[in-house]
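Notes for the structure review
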Amino acid sequence: MSAELRIEVAGPLTSVQDRGRPGYAHLGVPRSGALDRPALDLGNRLVGNPPDAAGLEITLGPFTAVAERAGTIAVTGAAAALRVGGRPAPINAPVPVRAGDRIEVGRAVAGLRLYLAISGGLTPDPVLGSRSTDMLSLLGPPAVRPGDRLPVGQPAGDPAAVDVAPRPVLGGPIVLRVAWGPRADLFRDAGRLASGQYTIRSESNRVGARLDGPALTRADTAELPSEGIVLGAVQVPASGQPLVFLADHPTTGGYPVVAVVHPADLPLLAQARPGDSVRFRGPQQ
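The notes below deal with the structure included here. (Residues numbered from 1 in each chain as written. Predicted model: local features only at pLDDT ≥ 70, side-chain atom pairs only at ≥ 80, totals over all residues. Heavy atoms only, no water.)

Regarding the packing of aromatic side chains
Summed over all chains, the structure comprises one aromatic pair. Seen from their ring centres, tyrosine 198 and phenylalanine 280 are 5.9 Å apart, and the 75 degrees between their planes marks the pair as edge-to-face. Linking tyrosine 198 in strand 13 (residues 197–200) with phenylalanine 280 in strand 20 (residues 277–281), this pair joins segments that are 82 residues apart in sequence. Grouping residues by exposure puts tyrosine 198 and phenylalanine 280 together as buried. (Phe/Tyr/Trp six-rings, centres within 6.5 Å; stacked < 30°, edge-to-face > 60°. Helix = DSSP H or I, 4+ residues; strand = E, 2+ residues; numbered from the N terminus. Buried < 20%, exposed > 50% of the residue type's maximum accessible area, 1.4 Å probe, protein only.)

Here you go:
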């Protein structure tokens, strides 16, 4: 009988995520996967998993689960208190667990999303080559709920002794590098995007980060045909307030894309909370 991770507290949103399922946009399937992929990658390295192993993406917390088998875990991403078997444990480090240990992750005090990697990885049935939960198309396993029992694979490697991969500073304003998008010429004031300050709205989710700030005004208001949307696209709906599409974004859309965020900067949005400040930096800045 395979080992399982028994969920007791799942917080506002916890889902299984790996590196996603790229390559299916032509079928209308988003990439999905961990929003802060470097954080999940770090967790997998720390516990000795291959890079494509699945873990848990925990939004805000708190989160509690019981490990049925001895092994190693790592919690990465946002900053939060961690207790394993009733004892304080470090984050961003490999932590041994005994069979029956309770893993308790507190509410994030900086950043928004935490990642729990466990030796052997989580092994729900893959869909189109990925175990990721897609909150838009509902592909993959459903969002994690209390009482769920998640299957865990066999460990494939030894835990890391140390990992010095740099992590971005959590909290405070963030700056996102952008390249101008295919429809920047439809706006009278596209440059305002790179000169104004925006804040993250509470409606933001895994589909996209919605922003409040200087509205962008279209010079041409003619209806657009639906066009392809890429990860990091900055779309401007009728309100003029931009939104940045994240991992569970739709594959097409009818509003103009004014810019595209550099892929390396998207993890910053994964850790931004409602009310945090966002600035964009254009290619010439």
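Still more ground to cover, so stick around.
Comments concerning the nonpolar core
Among the nonpolar cores identified, the biggest contains 33 residues, and Val258, Leu269, Val278 and Phe280 are the most heavily contacted of them. Elements with a minimum of two residues in this core: helix 1 (37–47), strand 12 (174–180), strand 13, strand 14 (208–212), strand 19 (257–261), helix 2 (266–270) and strand 20. Not counting residues within four places of it along the chain, the set of residues in contact with valine 258 comprises Trp180, Gly181, Ala184, Phe187, Ala190, Leu193, Leu216, Val234 and Val236. Grouped together as the second largest cluster of nonpolar side chains are 31 residues, Ala10, Ile58, Leu60 and Phe63 included. (Core = buried A, V, L, I, M, F, W, Y, C linked by side-chain atoms within 4.5 Å. Contact = heavy atoms within 4.5 Å.)

Some words on helix 1
Of all eleven residues that make up helix 1, eight are buried, and the element is covered over most of its length. Within helix 1, burial applies to Ala39, Leu40, Asp41, Leu42, Gly43, Asn44, Leu46 and Val47. A positive backbone phi angle near 85 degrees is found at glycine 48, which sits one or two residues after helix 1.

Looking at the pairing of strand 10 (residues 110–118)
Regular strands place side chains that alternate from one sheet face to the opposite one. Burial runs high along strand 10: eight of the nine residues are buried. In this sheet, strand 10 lies alongside strand 3 (residues 55–59) in antiparallel orientation, the contact comprising four bridges. Residue threonine 59 lies in a different strand from strand 10, and its bridge partner there is arginine 113. In this structure, strand 5 (residues 71–79) lies alongside strand 10, joined through six bridges in antiparallel fashion. Within strand 10, the residue paired with valine 75 across the bridge is leucine 116. (Pairing = 2+ DSSP bridges.)

Topic: empty space enclosed by the protein
The probe, sized like a water molecule, is rolled over the atoms to show the empty space still left. For the coordinates displayed, the defined rule picks out two cavities of 30 Å³ or more. In this structure, the largest cavity encloses a volume near 70 Å³. Here the lining of the largest cavity is composed, by residue class, of six nonpolar, three polar and one charged. By volume, the second largest cavity is sized at about 60 Å³. In this structure, the second largest cavity is lined by Ala3, Glu4, Ala67, Glu68, Arg69, Ala70, Gly71, Thr72, Val97, Ile118, Ser119 and Val152. Elements represented by at least two residues in the lining of the second largest cavity include exactly strand 1 (3–9) and strand 5. Taken together, the residues that form the lining of the second largest cavity break down as six nonpolar, three polar and three charged. (1 Å grid on protein atoms, 1.4 Å probe; cavity = no way out; pocket = protein on both sides within 12 Å on 5 of 7 lines; lining within 4 Å. Points joined across faces, edges and corners; volume = space filled by probe spheres on them. Nonpolar A, V, L, I, M, F, W, Y, C, P; charged D, E, K, R; others polar.)

Overview of the environment of glycine 100
Positionally, glycine 100 belongs in the loop between strand 8 (95–97) and strand 9 (102–105). As for glycine 100 and alanine 39, which are separated by 61 residues in sequence, their C-alpha atoms are 26 Å apart. When residues no more than four places from it in sequence are discounted, the contact partners of glycine 100 are Val66, Ala67 and Glu68.

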